[in-house]
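Structural description and commentary
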There are 2 protein chains.
Amino acid sequence: MGGMIENFHAVIPAGGSGTRLWPVSRTARPKFLHDILGTGSTLLQSTWARTAELADPDRTWVVTGRGHVEAVRRQLPDLLRDRVVAEPSPKDSAAAIGLAAMLIHREDPDAVIGSFSADHSITNTGEFLSVVEQAAAAAAATGDIVTIGITPTYPATSYGYIETGALLRIADAPTARRAAEFVEKPDAATARTYAYSGRYRWNAGMFIMRASVLLELLEEQAPDLHAGLTRIVGAWDTEDRDAVQSEVWPTLEKKAIDYVVAEPAAAAGRVIVVPGDFGWDDVGDFDSVAKLRQPVPGEVRGVSAIGEDVEVVDVESRGVVISETERLVALVGVEDLVVVDTDDALLVTSRAYAQQVKQVVDRVKEAGRDDLL
Amino acid sequence: MGGMIENFHAVIPAGGSGTRLWPVSRTARPKFLHDILGTGSTLLQSTWARTAELADPDRTWVVTGRGHVEAVRRQLPDLLRDRVVAEPSPKDSAAAIGLAAMLIHREDPDAVIGSFSADHSITNTGEFLSVVEQAAAAAAATGDIVTIGITPTYPATSYGYIETGALLRIADAPTARRAAEFVEKPDAATARTYAYSGRYRWNAGMFIMRASVLLELLEEQAPDLHAGLTRIVGAWDTEDRDAVQSEVWPTLEKKAIDYVVAEPAAAAGRVIVVPGDFGWDDVGDFDSVAKLRQPVPGEVRGVSAIGEDVEVVDVESRGVVISETERLVALVGVEDLVVVDTDDALLVTSRAYAQQVKQVVDRVKEAGRDDLL
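Residues numbered from 1 in each chain as written. Chains lettered and ligands numbered in written order. Predicted model: local features only at pLDDT ≥ 70, side-chain atom pairs only at ≥ 80, totals over all residues. Heavy atoms only, no water.

1. Quick look at the packing of helix H6 (residues 211-221) of chain A against helix H7 (residues 223-234) of chain A
Residues and elements named next belong to chain A.
- Running from amino to carboxyl end, H6 crosses H7 at an angle of 125°, the nearest separation of the two axes being 5 Å. For the element pair H6 / H7, the angle class is oblique. For the pair H6 and H7, the contacting residues are Leu215, Leu218, Glu219, Glu220 and Gln221 in the first and Pro223, Leu225, His226 and Leu229 in the second.
- Looking at the contact of H6 with H7 residue by residue, the classes come out as five nonpolar, two polar and two charged. (Axes fitted to C-alpha atoms, helices over the stretch in contact; angles between N-to-C directions. Helix = DSSP H or I, 4+ residues; strand = E, 2+ residues; numbered from the N terminus. Parallel < 35°, antiparallel > 145°, perpendicular 65-115°, else oblique. Contact = heavy atoms within 4.5 Å. Nonpolar A, V, L, I, M, F, W, Y, C, P; charged D, E, K, R; others polar.)

2. A look at the side chain of Glu163 of chain A
- By secondary structure assignment, the location of Glu163 of chain A is in strand E7 (residues 161-167).
- Here Arg199 of chain A takes part through its side chain, which lies 2.6 Å from a polar atom of the side chain of Glu163 of chain A. (Polar contact = N/O pair within 3.5 Å; in protein donor to acceptor, adjacent residues only side chain to side chain.)

3. As for the interface of chain B and chain A
- Contact residues are listed per partner, giving 36 residues for chain B and 36 residues for chain A.
- Its largest share of buried area at the contact with chain A, chain B owes to Arg327, Val332 and Leu346 of chain B, together 23% of the area lost on that side.
- In this assembly, chain B and chain A are joined by four salt bridges.
- For Asp341 of chain A, the salt bridge is made with Arg327 of chain B, and the minimal N-O distance between the two is 2.7 Å.
- At the boundary of chain B and chain A, one finds 26 residue pairs in polar contact (both at pLDDT 80 or more). (Buried area = accessible area lost by both parts, 1.4 Å probe. Salt bridge = Lys/Arg side-chain N within 4 Å of Asp/Glu carboxyl O.)

4. A few points about unusual backbone geometry
- Following Trp22 of chain A, the chain continues into Pro23 of chain A via a peptide bond in cis, with omega recorded as 5°.
- One can find Pro23 of chain A in the loop between strand E1 (8-14) and helix H1 (43-51).
- A positive phi angle, near 60°, is found at Asn7 of chain B, a position not held by glycine.
- Here Asn7 of chain B is to be found in the segment before strand E1 (8-14).

5. Quick look at the relation of the copies chain B and chain A
- When chain B is fitted onto chain A, the two copies agree to an RMSD of 0.1 Å after a turn of 180° and an axial shift of 0.0 Å. The transformation just described matches what one would write down for a two-fold rotation axis. Judged by C-alpha distance, Val348 of chain B is the residue of chain B that lies nearest the rotation axis, at 4.2 Å.
- Comparing interface residues between copies, 100% of those in chain B also sit at the interface in chain A, which points to an isologous, same-surface contact. (Least-squares fit on C-alpha atoms with pLDDT ≥ 70 in both.)

6. Side note on the packing of aromatic side chains
All names here are of chain A.
- Scanning all chains against the criterion turns up 18 aromatic pairs over all chains.
- Between Tyr159 and Trp280 the ring centres are 4.8 Å apart and the planes differ by 50°, which places this aromatic pair in the tilted class. One end of the pair, Tyr159, is in the loop between strand E6 (145-150) and E7; the other, Trp280, is in strand E11 (residues 280-281), with 121 residues separating them in the sequence. The burial state of Tyr159 is the same as that of Trp280; both residues are buried. (Phe/Tyr/Trp six-rings, centres within 6.5 Å; stacked < 30°, edge-to-face > 60°. Buried < 20%, exposed > 50% of the residue type's maximum accessible area, 1.4 Å probe, protein only.)

7. Brief notes about the domain arrangement of chain A
Residues and elements named next belong to chain A.
- Per the domain assignment, the segments of chain A are domain 1 (8-281) and domain 2 (293-372).
- The gap between the C-alpha centroids of domain 1 and domain 2 is 30 Å.
- Every contact between the two is made by twelve residues of domain 1 and, on the other side, 18 residues of domain 2.
- Summing the contributions of domain 1 and of domain 2, the shared interface buries around 1300 Å²; its carbon and sulfur component is 62%.
- Looking at the side of domain 1 facing domain 2, the largest losses of area belong to Arg20, Trp22 and Arg26, adding up to 49% of the total buried there.
- If you look at where domain 1 meets domain 2, you find one salt bridge.
- For the salt bridge of Arg26 with Asp344, the shortest nitrogen-to-oxygen distance reads 2.8 Å.
- Taken together, the links from domain 1 to domain 2 amount to seven residue pairs in polar contact (both at pLDDT 80 or more). (Domains from an automatic or database assignment.)

8. Some thoughts on helix H4 (residues 125-142) of chain B
Residues and elements named next belong to chain B.
- Helix length check: H4 (18 residues) gives 26 Å between terminal C-alpha atoms against 26 Å at 1.5 Å per residue, within 8%.
- Residues of H4 that are buried include every one of Phe128, Leu129, Val131, Val132, Gln134, Ala135, Ala136, Ala137, Ala138 and Ala139, and no others.
- At the N-terminal end of H4, a side-chain oxygen is found 3.4 Å from the backbone nitrogen of Gly126, two or three residues along, and the residue is Asn124. (Expected span 1.5 Å × (residues − 1).)

9. Re the pairing of E1 of chain B
Residue and element names in this part refer to chain B.
- The buried count for E1 comes to seven of seven residues, which makes it a mostly enclosed element.
- Neither face of E1 is open: one carries Phe8, Ala10, Ile12 and Ala14, the other His9, Val11 and Pro13, and all of them are buried.
- In this structure, E1 lies alongside strand E2 (residues 60-65), joined through five bridges in parallel fashion. Bridge pairing in E2 links Val11 to Trp61. (Pairing = 2+ DSSP bridges.)

10. Digging into the UniProt feature "domain: MannoseP isomerase/GMP-like beta-helix" (unreviewed entry) in chain A
- Within the UniProt annotation, "domain: MannoseP isomerase/GMP-like beta-helix" (unreviewed entry) is assigned to residues 311-363 of chain A.
- This span, residues 311-363 of chain A, is 13% helix and 49% strand, and a straight line between its end C-alpha atoms measures 30 Å. (UniProt positions renumbered as here; feature names shortened; annotations may be inferred.)

11. Let's talk about H1 of chain A
Residues and elements named next belong to chain A.
- With respect to burial, H1 is a largely interior element, seven of its nine residues being buried.
- Residues of H1 that are buried include every one of Leu43, Leu44, Ser46, Thr47, Trp48, Arg50 and Thr51, and no others.
- Taken together, the buried residues of H1 touch E1, strand E2 (60-65), helix H2 (69-75), strand E5 (121-122) and helix H4 (125-142).

12. Concerning the side chain of Thr349 of chain A
- Relative to the assigned elements, Thr349 of chain A resides in strand E17 (residues 345-350).
- A polar atom in the side chain of Thr349 of chain A sits 2.8 Å from the backbone oxygen of Val332 of chain B.
- Dropping the residues within four chain positions of it, Thr349 of chain A is found in contact with Asp336, Leu337, Val338, Ala354 and Val357 of chain A together with Val332 and Val334 of chain B.

Here it is, written out as structure tokens:
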């Protein structure tokens with residue numbers, strides 16, 4: 001495999017519940033396990049297919065909840081048995097990536113790791129791979145934290161942004177720039193300024209760095225978390241692995257890697273941004289799904305159907321139908337609608353309100369209908 | 001029963017497929033057999049409850065397709081066995097009402113009959129009854145065809161209209177007027193003129209007249225139909241009833257009673273209109289259903305739910321959910337939507353496009369999916 005990057009290890013955090021994609025995404029079967037875009041692969045499988053171009057199975061790790069380990073293994077037949085890291089409970093990305101980094105570092109002290117969420121979508125894989133190559137080169141050359149800054153294609157308010165600084169002129173990473181600052185999800189007016197400035201990029205949560213650098217920063221910024229992970233890894237190859245992990249894990253800080261590592265590093269002038277423009281989307285809600293899923297020839301005009309053998313009849317309508325059932329779905333005179341048909345729950349929403357699907361999940365929870373979550 | 005009208009017999013034609021109410025209304029289980037308004041009674045049962053105030057069971061007839069006889073009997077326990085007239089195939093209202101009129105006339109030569117579709121909705125029963133009383137009085141006093149002209153509440157283009165003429169000053173029917181003309185469903189501009197003129201009424205297809213008058217007009221205007229019905233009725237009480245009906249019925253003209261009887265009578269100055277304003281609606285499509293079904297206290301704000309144990313969660317939405325399943329239905333950010341959830345088909349339409357649901361039925365038919373019709 002000629003394109004592989006030296007010392008590169010891929011980490012795929014497969015967590016998150018994807019509540020805005022209910023009723024497809026459920027607690028027991030979250031977003032990354034679904035082919036929610038109707039591509040023929042689940043989001044996890046598509047992520048694996050991309051990272052397979054960057055690292056061999058021996059150097060590809062998936063971190064996921066204990067309850068999802070079996071499903072992850074079923075979906076990824078090439079995933080090696082000891083490359084699955086099971087989390088007893090969700091502890092956000094600092095613990096997940098930190099644990100994987102520590103396990104990788106003891107095998108390969110020169111490792112450069114890249115972390116890529118299991119539930120995002122990338123349209124242009126070739127461009128993605130070349131950007132990650134630059135990022136890995138920059139990480140190896142500098143010892144900094146490298147992130148990929150997505151070129152905004154609209155004034156998104158649901159993503160954080162990265163302010164970029166000076167061009168760094170790194171030999172194998174010609175587009176790499178200093179990251180000036182990570183900024184939170186902006187309001188609509190600020191998002192417009194950012195999106196059209198040419199200076200701000202979306203934070204896609206992709207981090208590429210030497211494992212040793214990540215662990216140093218973790219020790220510096222979150223010593224308790226680092227110590228806890230060290231204890232877990234110390235027992236990893238012994239019969240006490242489960243016992244120690246079960247004891248220590250609940251005590252770990254629940255923090256995002258952005259907060260624990262990337263932001264302090266940026267403040268210290270140690271973060272690099274490699275700009276990326278490869279059709280990235282976090283598939284955060286059904287508006288994303290509708291946007292990413294254009295009607296293809298042969299499909300009913302204006303309405304995209306996602307699911308096995310979905311039958312749609314549409315009359316003067318536009319939208320997306322996502323179905324897990326065998327029922328005929330008929331749309332008549334509706335615009336930009338999203339219909340999600342599952343065995344026990346039906347959702348009808350408009351693209352503009354897709355973010356608020358979360359409220360339905362909250363209400364279902366309040367009603368004690370855990371069977372629907 | 002003090003309110004009963006002398007010599008009055010009620011005829012309930014229970015036909016029509018209600019394709020614009022698909023997927024609730026199906027060939028095997030048409031509109032009139034459904035509680036589509038969520039009142040706790042099917043449209044047929046509600047019609048029966050109204051006519052029961054006008055005529056005893058002995059004087060109440062239901063004309064329906066052979067395939068629906070058992071369902072009709074199950075829904076109407078008070079319906080007498082020999083008061084159900086089964087049609088071998090749909091032959092429209094002239095044949096249906098003509099046959100009932102002939103069967104009634106041989107029992108009661110002085111009968112006044114009133115025909116009331118099994119699948120319409122009336123909100124104010126008290127007012128309806130008093131209007132029918134006037135109509136029956138006018139029919140008995142004059143020997144004319146009496147129809148009820150509904151006061152338009154909006155410029156409907158889906159109803160025919162009746163142009164009213166001079167007040168007739170009939171003793172027990174003080175509001176009765178001469179009918180000048182029946183007019184077809186108008187375009188939108190004409191409908192506006194009609195609706196606000198104070199001179200045009202909706203034709204609700206309710207006819208009240210002496211049975212003898214109807215039969216005379218039938219003989220005059222449709223002699224073949226009259227002869228055919230006479231043959232069928234001649235064998236009615238013999239063991240040849242089914243054989244004769246099966247032989248003759250297919251040869252009968254398929255015509256609406258409006259066309260065969262009411263329009264020629266109007267041209268001859270023999271039709272009377274009694275104006276009625278009692279919340280009549282033909283429940284022709286889901287827009288009617290949405291209009292008639294206002295949210296009631298305790299229901300989810302803005303969304304009406306129709307069906308047994310329907311569970312709806314709505315977020316900033318407005319519309320109607322009609323469900324025959326046990327699934328949770330969630331609406332998020334949608335306006336004036338109609339969602340119809342059945343075991344094998346799901347319909348999502350907007351109130352404005354409700355008329356076009358018929359197109360879905362046509363498409364399902366073309367696709368050979370008779371199981372869904």
